[in-house]
Amino acid sequence: QVQLVESGGGVVQAGGSLRLSCTVSGNIFRINAMGWYRQAPGKQRELVAVITSDGSTNYADSVKGRFTISRDNAKNMVYLQMNSLKPEDTAVFHCNAVLLLRVPPYALDAWGQGTLVTVSS
């Protein structure tokens, strides 16, 4: 059983900061890419940031320069530091991990349940 558990969401004023964390647990052989996606009310889920196993990163244009993704491979964790938050950042943020497992199905694109970020104006 693989679990991704996010934490760190909450309510913050515009211009403020939050740090999201995601812990991956289970019978995992290796974690490849890890990422954060978000889904605002009435909108489709969109990529926020992704980080590969060797540390390469990619960001949505809307968050470049404000958000930073990082990972701790020893702890199977991924983080999202969010600064200069805007009301339009309000969404449920989901953690994603591309996993190789020791047991079937041996490969898995896993998702967390999400953590709500609300930015007030």
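Right above here is the structure, for reference.
Criteria and thresholds
Residues numbered from 1 in each chain as written. Predicted model: local features only at pLDDT ≥ 70, side-chain atom pairs only at ≥ 80, totals over all residues. Heavy atoms only, no water. Core = buried A, V, L, I, M, F, W, Y, C linked by side-chain atoms within 4.5 Å. Buried < 20%, exposed > 50% of the residue type's maximum accessible area, 1.4 Å probe, protein only. Helix = DSSP H or I, 4+ residues; strand = E, 2+ residues; numbered from the N terminus. Salt bridge = Lys/Arg side-chain N within 4 Å of Asp/Glu carboxyl O.

> I'd like a description of the nonpolar core, backed by residues and values.
In this structure, Trp-36, Leu-80, Met-82 and Phe-93 are the most contacted members of the largest nonpolar core, which totals 32 residues. Of all the secondary-structure elements, those providing two or more residues to this core are β3 (18-25), β4 (28-39), β5 (46-51), β7 (67-72), β8 (77-82), β9 (91-101) and β11 (115-120).

> I'd like a rundown of the pattern of salt bridges, residues and numbers included.
Applying the stated criterion across every chain, the model contains four salt bridges. Of the charged contacts in the structure, one is a salt bridge between Arg-38 and Glu-46, with a shortest N-O distance of 2.7 Å. Residue classification places Glu-46 among the partly exposed positions, given a relative accessible area of 36%. With its nearest N and O atoms 2.9 Å apart, the salt bridge here joins Arg-38 to Asp-89. Residue Arg-38 is found in strand β4, and its partner Asp-89 is found in the loop between β8 and β9; the two are separated by 51 residues along the sequence. On the basis of relative accessible area, Asp-89 is assigned to the buried category, the value being 1%.

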